[in-house]
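# Examination of the molecular architecture
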Amino acid sequence: MRVRFWGVRGSIPVPGPDTARYGGNTSCLEVQLPGEAPCVFDAGTGARALGIELLRRPERSVNLFFTHFHLDHLFGFPFFSPLFAPSYRLNVAAPGFAAEATRERVGRYLNGVLHPLRMSDLPAPVDYEAVRPGVAVIKGNYSITPVQLNHPGGACGYVIEGGGKKVAYLTDTSPLSRPGEGLAGGGAPNSREVALAKALRGADLVAVDTMFTEDEYFEKMTWGHGYPEYAAALCREAEVKRLALFHHSPDATDADLDRLGERWAEGYHGVRVVVAREGADVDLEG
Ligand SMILES: [Zn+2]
Ligand SMILES: [Zn+2]
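### Quick notes on the environment of Gly10
Position of Gly10 among the secondary structure elements: in the loop between strand E1 (2-7) and strand E2 (28-32). Classification of Gly10 by C-beta neighbours within 10 Å gives buried; the count is 25. For the pair formed by Gly10 and Pro250, sequence separation is 240 residues and the distance between their alpha carbons is 6.3 Å.

Take a look at the structure:
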């Protein structure tokens, strides 16, 4: 299994010299098993470059999962090249109760006003699907289990298993405990944290929303984002092998993210900690 980060930024794309190394594109993660159609998580602006790359590969289908529909996770969708290749087949899934609701929510963007295209203009066939926390969906040799996150308006993370490997994508989310309580307080996990840690147990790689520092989180607790100390505690509880700090603040420069990586270079109680970088491949076979 291979994982590639196509967009690692939160909230708004921030191209420019200060973000050139870690990348300025917003959330998009690709997971691929050899010879299988890829699974893609979120279509932030990083999805544009991914789409171009996908058309160069032999596979002609892709499974796209949305965590939620805040614009930084949707903006790249109509710039995703497979949508314009009639030979391609797309499956688009999002948390909800009905496939039609997934289509309708994407359609709020592709409505001829916010974007010149409408849904009916897309040349490739697209199937829409609703997924629910705790209910695994099977796509080829992947098993994908949505998990409930803590974000205004709701969001689902995903645990992806296949080829004997396990990866999870947890953005956008605040801690599941209040300051001073549960894992956020350095104590025993609460019931929601126990359930999430069970879903993550032993994962090879988990990408977690760490947009804030711990101090920023206390100022912006209702914004629905997390911080590295909490992500590390969660991954330690779940015996995760590698944590990727993800959904970087648009204010974080390359120098800031270098410092973040240095601060976590020794890992955390056996959890290796890396800073997600646009274009980086994580090969889980090695
Ligand atoms: Zn976001
Ligand atoms: Zn969001």
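From this point, the narrative continues.
### Side note on the pairing of strand E4 (residues 61-65)
Taking burial as the measure, the 5 residues of E4 include 4 buried ones, the bulk of the element. Pairing geometry for strand E3 (residues 39-41) and E4, over 3 bridges, is parallel. If you follow Phe41 over to E4, its bridge partner there is Phe65. Crossover handedness for the path E3 to helix H1 (residues 47-55) to E4: right-handed. In this structure, E4 lies alongside strand E5 (residues 89-95), joined through 5 bridges in parallel fashion. Pairing of Asn63 across the sheet is with Asn91, part of E5.

### Considering the environment of Leu200
Locating Leu200 in the fold gives a position in helix H4 (residues 191-200). A sequence separation of 33 residues divides Leu200 from Val167, and the C-alpha atoms of the two residues are 8.1 Å apart. Once you skip the residues sitting within four places of it in the chain, Leu200 turns out to touch Val159, Ala168, Val206, Ala238 and Val240.

### Points about the sheet that holds strand E10 (residues 165-170)
Strand order in the open sheet made by the 7 strands is E7-E8-E9-E10-E11-E12-E13, with mixed pairing throughout. Strand pairing shows two members of the sheet lacking a second neighbour, strand E7 (137-139) and strand E13 (272-275), which therefore form its edges. Taken over all neighbouring pairs, the strand axes of this sheet differ in orientation by 20° on average, direction set aside. With 4 bridges connecting them, strand E11 (residues 205-209) and strand E12 (residues 242-246) associate as parallel partners. Across the sheet, the residue bridging to Val208 is Leu245, located in E12.

### Brief notes about the nonpolar core
The biggest cluster of nonpolar side chains holds 85 residues, and the ones touching the most others in it are Ala168, Leu200, Val206 and Leu243. Among the elements that make up this core, the one with the highest residue count is helix H6 (residues 228-237) (6 residues). The contacts of Ala168, once residues within four sequence positions are left out, are Gly157, Tyr158, Val159, Ile160, Leu200, Ala203 and Val206.

### Some thoughts on unusual backbone geometry
Put simply, Thr171 and Asp172 share a cis peptide bond, and its omega is 0°. Counting through the fold element by element, Asp172 comes out in the loop between E10 and H4. A positive phi angle, near 55°, is found at Glu239, a position not held by glycine. Position of Glu239 relative to the elements: it lies in the loop between H6 and E12. Look at His269: it is not a glycine, yet its phi comes out positive at around 50°.

### Concerning H1
For H1, the complete set of buried residues consists of Ala47, Arg48, Ala49, Leu50, Gly51 and Leu54. On its buried side, H1 packs onto E1, E2, E3 and E4.

### Quick notes on the sheet that holds strand E6 (residues 126-131)
Read from one edge to the other, the open sheet built from 7 strands follows the order E6-E5-E4-E3-E2-E1-E14, with strand pairing classed as mixed. Strands with a single pairing partner mark the edges of an open sheet, and in this sheet they are E6 and strand E14 (281-283). Geometrically, the sheet is characterised by an average inter-axis angle of 20° between neighbouring strands, direction not taken into account. Against the sheet, helix H3 (residues 99-107) contacts E5 and E6, and its axis sits at roughly 115° relative to E6.

Parameters and conventions
Throughout, residues of each chain are indexed from 1 in the direction in which the sequence is written. In the order they appear in the text, chains get letters beginning with A and ligands get numbers beginning with 1. For a predicted model such as this one, the threshold for reporting local features is a pLDDT of at least 70, and the threshold for listing and counting side-chain atom pairs is 80 or more; totals across whole chains, interfaces and linings nevertheless cover every residue. Secondary structure elements are taken from DSSP: a helix is a run of H or I of four residues or more, a strand is a run of E of two residues or more, and numbering for both begins at the N terminus. We call a residue exposed when 12 or fewer other C-beta atoms sit within 10 Å of its C-beta, buried when the count reaches 20 or more, and partly exposed for counts in between; the C-beta positions come from the backbone. A strand pair is defined by DSSP finding two or more bridges across the two strands. Handedness rule for crossovers: strands pointing away from the viewer, path from the first strand over the helix to the second running clockwise, crossover right-handed. In this description, any two residues whose backbone-derived C-beta atoms lie within 7 Å of each other are considered to be in contact. Fitting a line to C-alpha atoms yields each axis, with helices limited to the stretch in contact; the angle taken between N-to-C directions then spans 0 to 180 degrees. By definition, a nonpolar core groups buried Ala, Val, Leu, Ile, Met, Phe, Trp, Tyr and Cys residues that are joined through C-beta atoms within 7 Å.

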